[in-house]
Amino acid sequence: MRTPFLAGNWKMYKTPKDTQAFFDAFLPLVAGATGRDAAICPPYIDLHVAIAAAAGSKVGIGAQNLAAGKEGAMTGEISGYMLKAIGCRYVIIGHSERRQYFGENEAGVLSKARAALEYGLAPIVCVGELLAERESGSTEAVLAAQFDGGIAPLAPEQFAKIVIAYEPVWAIGTGKTATPQMAQEAHGAIRLLLNGHIGAAAGAKVRILYGGSMKADNAEALLAQPDIDGGLVGGASLEPRGFIKIVQAAQKLAPQRGQS
Ligand code: 13P
């Protein structure tokens with residue numbers, strides 16, 4: 001069974017004071033929500049405030065990146081060991097902005113996913129095609145290459161602990177959302193890659209989130225698709241009243257998917 005999972009990716013937004021204000025408003029709204037998982041992934045400097053604010057609630061906190069390895073002479077870096085020590089549960093890996101601006105590639109994604117799992121964090125591994133790749137008909141080939149390089153080499157039992165996020169790059173921050181059908185097609189392709197690699201029973205348990213201009217008014221149609229198990233939400237997660245509407249859209253779904 002796959003429980004819907006809504007995660008906010010705050011990117012480079014909000015100070016610790018803004019973070020406290022978000023949780024002051026968000027936690028009462030989310031208190032009654034059941035049958036879904038929710039998380040917020042703020043910038044590193046906000047993690048302490050977020051973790052303290054969310055303590056005792058069902059909202060998990062994640063980071064947006066990590067360095068492979070435990071500790072060392074790595075100026076400016078933060079490891080999974082450190083993130084776990086302060087109470088993080090999740091970490092986003094291989095976001096397209098990191099691929100685009102920081103040169104991350106499949107080998108790096110794989111080593112970061114391994115490091116996250118080693119220190120007890122659940123990696124949210126991002127995949128997705130560029131506009132030119134979609135227009136040239138190579139979306140499925142791109143997803144397969146990202147899966148093969150960044151995810152498939154994990155040990156079979158580690159798949160129970162990962163989350164995959166499908167984020168078509170052309171839909172991120174642009175207001176252009178993939179239609180529910182387009183998104184389902186890509187999610188279905190990822191599900192087939194999973195099933196082919198770890199078997200259908202294990203593949204059916206992995207959550208695949210959609211990311212890319214998900215908002216209160218399109219969330220329900222996206223989340224109704226059979227292989228869309230939640231969202232990785234950027235802009236619309238910055239505002240408590242907007243994000244709660246997306247969480248509530250997920251709650252309307254029967255959480256019965258993935259049973260085999
Ligand atoms: P937007 O929701 O702002 O398009 O961002 C999506 C995203 O990149 C989440 O990781």
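As shown above, the structure is provided for reference.
Residues numbered from 1 in each chain as written. Predicted model: local features only at pLDDT ≥ 70, side-chain atom pairs only at ≥ 80, totals over all residues. Heavy atoms only, no water.

Trainee: I would appreciate a short explanation of the nonpolar core in the present structure.
Mentor: Nonpolar side chains tend toward joint burial in soluble globular proteins. The biggest cluster of nonpolar side chains holds 65 residues, and the ones touching the most others in it are F23, I151, F159, I164, L194 and Y210. Aside from chain neighbours lying at most four places away, what touches Y210 is Y166, P168, A171, T177, A178, A183, H187, L222, I228, G230, G231 and L232. Among the nonpolar cores identified, the runner-up in size contains 13 residues, and C41, A122, I124 and L232 belong to it. (Core = buried A, V, L, I, M, F, W, Y, C linked by side-chain atoms within 4.5 Å. Buried < 20%, exposed > 50% of the residue type's maximum accessible area, 1.4 Å probe, protein only. Contact = heavy atoms within 4.5 Å.)

Trainee: Sorry, what's going on with the pattern of salt bridges here?
Mentor: Side chains that differ in sign of charge can pair as their charged atoms come close. Across all of its chains, the model carries eleven salt bridges by this definition. Salt-bridge contacts for E97 lead to K11; the nearest nitrogen and oxygen are separated by 2.8 Å. Pair noted here: E97 is in helix α4 (residues 96-102) and K11 is in the loop between β1 (5-9) and α1 (16-30), with a separation of 86 residues, a long-range link. Given a relative accessible area of 24%, E97 falls into the partly exposed group. Salt bridges sharing partners connect three or more residues here, namely R2, R191, D227 and D229. (Salt bridge = Lys/Arg side-chain N within 4 Å of Asp/Glu carboxyl O. Helix = DSSP H or I, 4+ residues; strand = E, 2+ residues; numbered from the N terminus.)

Trainee: Explain the side chain of E129 here, please?
Mentor: Take E129: it is sitting in the loop between β5 (122-127) and α6 (131-135). Here W170 takes part through its side chain, which lies 2.9 Å from a polar atom of the side chain of E129. With near-sequence residues (within four places) excluded, E129 lies in contact with R134, T139, V142, Y166, E167, P168, V169 and W170. (Polar contact = N/O pair within 3.5 Å; in protein donor to acceptor, adjacent residues only side chain to side chain.)

Trainee: Can you help me understand the packing of helix α5 (residues 106-118) against helix α7 (residues 139-150) in this one?
Mentor: For any two helices packed against each other, one specifies the inter-axial angle together with the distance between the axes. Direction vectors running N to C along α5 and α7 enclose 50°, while the axes themselves pass 8 Å from each other. Considering the angle they form, α5 stands oblique to α7. Once α5 is placed against α7, the crossing between them reads as right-handed. Judged by residue contacts, E106, V109 and L110 of α5 engage A145, Q146, G149 and G150 from α7. Here the residues of the contact of α5 with α7 sort into three nonpolar, three polar and one charged. (Axes fitted to C-alpha atoms, helices over the stretch in contact; angles between N-to-C directions. Parallel < 35°, antiparallel > 145°, perpendicular 65-115°, else oblique. Left-handed = near helix turned anticlockwise from the far one by under 90°. Nonpolar A, V, L, I, M, F, W, Y, C, P; charged D, E, K, R; others polar.)

Trainee: Sorry, what's going on with the site of the ligand here?
Mentor: The environment of the ligand is made up of N9, K11, H95, E167, A171, I172, G173, G212, S213, L232, G234 and G235. In the model, an oxygen atom of the ligand is placed 2.7 Å from a nitrogen or oxygen of the G173 main chain. In the environment of the ligand, an oxygen atom lies 2.9 Å from a nitrogen or oxygen atom belonging to the backbone of G234. Here the ligand has 300 Å² of accessible area as a free molecule, and 96% of this is covered by the chains. Residues of the shell around the ligand, tallied by class, amount to three nonpolar, seven polar and two charged. (Near = heavy atom within 4 Å. Areas by Shrake-Rupley, 256 points an atom, 1.4 Å probe, with all protein chains shown as cover.)

Trainee: What should I look at first to understand the pairing of strand β6 (residues 163-166) in this one?
Mentor: Remember that side chains alternate between the two faces of the sheet whenever the strand is regular. The two faces of β6 match: V163 and A165 on one face and I164 and Y166 on the other face are all buried. Of the pairings in the sheet, the one linking β5 to β6 comprises four bridges and is parallel in character. Bridge pairing in β6 places V125 opposite I164. When β6 meets strand β7 (residues 207-210), the two strands line up parallel, connected through four bridges. The residue bridging A165 from the neighbouring strand is L209, located in β7. (Pairing = 2+ DSSP bridges.)

Trainee: Would you explain the packing of α1 against helix α2 (residues 47-54) in this entry?
Mentor: Between α1 and α2, whose axes approach to 9 Å, the crossing angle comes to 20°. If you check the angle between α1 and α2, you find them roughly parallel. The element α1 and its partner α2 pack so that their crossing is right-handed. Where α1 approaches α2, its residues P16, T19, Q20, F23 and L27 are matched on the opposing element by V49, A50, A53 and A54. Within the contact of α1 with α2, the residues separate by chemical class into seven nonpolar, two polar and no charged.

Trainee: Help me understand α7 in this model?
Mentor: Structural remark: α-helix, 3.6 residues per turn; residues separated by three or four positions point the same way. Here α7 contains twelve residues, and its C-alpha end-to-end distance of 16 Å stays within 8% of the 16 Å for a straight helix at 1.5 Å per residue. Looking at α7, one finds that the buried residues are T139, V142, L143, A144, Q146, F147 and G150. Of the surrounding elements, those touching the buried residues of α7 are α4, α5, β5, α6, β6 and α8 (180-198). (Expected span 1.5 Å × (residues − 1).)

Trainee: Before we go on, may I ask you to explain the pairing of β1 in this structure?
Mentor: A large share of β1 lies buried, amounting to five of its five residues. Residues F5, A7 and N9 of β1 are buried on one face, and the alternating residues L6 and G8, pointing to the opposite face, are buried as well. Bridging between β1 and strand β2 (residues 37-41) involves five bridges; their strand directions are parallel. Paired with N9 across the bridge in β2 is C41. When β1 meets strand β8 (residues 230-233), the two strands line up parallel, connected through four bridges. The partner of F5 across the bridge, within β8, is G230.

Read these as spatial facts, not as claims about activity.
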